[in-house]
Amino acid sequence: MSDSPRDGWDFSTRAIHVGQDKDPQTGAVVPPLHLASTFVQPGAGEWGAFDYSRSGNPTRLAFETTLASLEGGTKALAYASGMAAIHGAMMLLEAGDHVLAGRDVYGGTYRLLHRILDRVGITVTLADTTDLSALENALTTKTKLLWLESPGNPLLTMTDLAACSEWAKEKGLLVGVDNTFATPVLTRPLELGADIVMHSATKYLGGHSDLLGGALVVQDKDLFDKLYYIQNATGAVMGPLESFLCSRGLKTLSLRVLAQSKTALALALWLDQQPEVARVLYPGLPSHPGHAIAQQQMEGAYGAMLSFELKAGFAAAQRFVESTELFQLAVSLGAVESLIEQPASMSHASYDAEARAKHGIHDGLIRLSVGLEAETDLRADLAQALQKATSVGS
Ligand SMILES: *Cc1c(COP(=O)(O)O)cnc(C)c1O
């Protein structure tokens, strides 16, 4: 276990050393994987640092400690999945409470809010989080939580997290930010006024498409205590193996995110020049409506997610996503392998068609998660897919 985060260290040093002290018993440089479900107590009714793995596990705590430091928080909680983490945060609410969320909120969050939480009397309004007056209009006397994502999914919408947090504070709302896309390498929402940062650790934190996990990070002790109580009472904790793999993933997080972002920018510029492409959505392009916010809110790069639309529409987009070789046709994102998908039929299938249309998620939209492969190979893959997708007679 680590002492308090060593604030003087740079991000990349903390990613390797905070919470990851050598094993005192053996000197092992990498803290061991603790699979034990239960821990011997010093005496009846006396409690050691750990007692039962749902309530706390050393391998999980190591990951939580590192992540809290990287996000500029004091404490983190690791969950079985990103959805379990979001659910844990939403359980702060009570029947009758209202949630304000972005209109291109992650599909699973949309489903949780509209199909599960509505059953217990929690209501939701989706609003354009790039427009404070739209938030103001959607505010009710019952609103308790503002849930933000930046960049948004799949349109890479940029929300001004500092401005929204300031507005929400005036209204007495709690602010949660799903920071899965940006990662703490590029954006740290707690420093911008958010109360809770959420991650699907399945994505960039793990980074290798080999685990499911989620996390919440906070600064406030009371808020942490409430979330911990809910997590321990409901039980969706991250397993030790996943925690171990997440700690391993964090060590290369900044290297991966910066390298993948650099390739994403190059591919976005290239796609933007192709006559068959109607528009490219990437926060790093000056043409993106959120570019100015991205410049101030994302540090050093613009992320490795990008979307684009083919002029030819649905059938061509479908042919495109089925024609790439390096870009694998799969949902998920954030790993070393590049992935491609069609939001309308895959990641956002849990939105109904009307909601998709209303929120600008066209059938012909294609989303890329740019991995760590060479940019030249990825570009060649997109070029051959573009050829196949658009040369076939309609
Ligand atoms: C994947 C994802 C989630 C859900 O996480 P799981 O680990 O799949 O449960 C939430 N938000 C965003 C932005 C995601 O990409």
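Residues numbered from 1 in each chain as written. Predicted model: local features only at pLDDT ≥ 70, side-chain atom pairs only at ≥ 80, totals over all residues. Heavy atoms only, no water.

(A) Broad picture of the side chain of Asn-57. Structurally, the position occupied by Asn-57 is in the loop between α1 (11–17) and α2 (58–70). When its relative accessible area of 2% is taken as the criterion, Asn-57 is described as buried. Those residues in contact with Asn-57, other than ones at most four positions away along the chain, are His-34, Ala-36, Phe-39, Phe-50 and Pro-240. (Helix = DSSP H or I, 4+ residues; strand = E, 2+ residues; numbered from the N terminus. Buried < 20%, exposed > 50% of the residue type's maximum accessible area, 1.4 Å probe, protein only. Contact = heavy atoms within 4.5 Å.)

(B) Region of interest: a nonpolar patch on the surface. Together, Leu-33, Leu-35 and Leu-241 make up a nonpolar patch on the protein surface, roughly 270 Å² of accessible area in all. Among the secondary structure elements, Leu-35 is positioned in the loop between α1 and α2. (Patch = residues over 30% accessible without salt bridge, like charges linked within 9 Å, V, L, I, M, F, W, Y side chains within 5 Å. Areas by Shrake-Rupley, 256 points an atom, 1.4 Å probe, with all protein chains shown as cover. Salt bridge = Lys/Arg side-chain N within 4 Å of Asp/Glu carboxyl O.)

(C) The sheet that holds strand β3 (residues 123–127), seen in detail. Strand order across the open sheet formed by seven strands is β1-β7-β6-β5-β4-β2-β3, with mixed pairing between neighbours. Taken across any chain shown, the strands that pair with only one partner, and hence form the sheet edges, are β1 (75–79) and β3. Sheet twist, expressed as the average angle between the axes of neighbouring strands with direction ignored, equals 20°. As judged from the four bridges shared by strand β2 (residues 98–102) and strand β4 (residues 143–149), these two strands associate in the parallel manner. Bridged to Ala-101 within β4 is Trp-147. Helix-sheet contacts for helix α4 (residues 107–116) involve β2, β3 and β4, and the interaxial angle to β3 is about 140°. Each of β1, β5 (174–178), β6 (196–200) and β7 (214–218) touches helix α8 (residues 221–234); the most contacted strand, β1, lies at about 20° to it. (Pairing = 2+ DSSP bridges. Axes fitted to C-alpha atoms, helices over the stretch in contact; angles between N-to-C directions.)

(D) Representation of the sheet that holds strand β11 (residues 339–341) within the structure. Ordered by their spatial adjacency, five strands build an open sheet running β8-β9-β12-β11-β10, and the pairing between neighbours is mixed. Single-partner strands in this sheet number two, and they are β8 (277–281) and β10 (328–329). Of the pairings in the sheet, the one linking β11 to strand β12 (residues 365–369) comprises three bridges and is antiparallel in character. Bridging from a neighbouring strand, Ile-340 pairs with Leu-368 of β12. Helix α10 (residues 253–272) rests against β8, β9 (305–310) and β12 of the sheet, and its axis sits at about 10° to β9.

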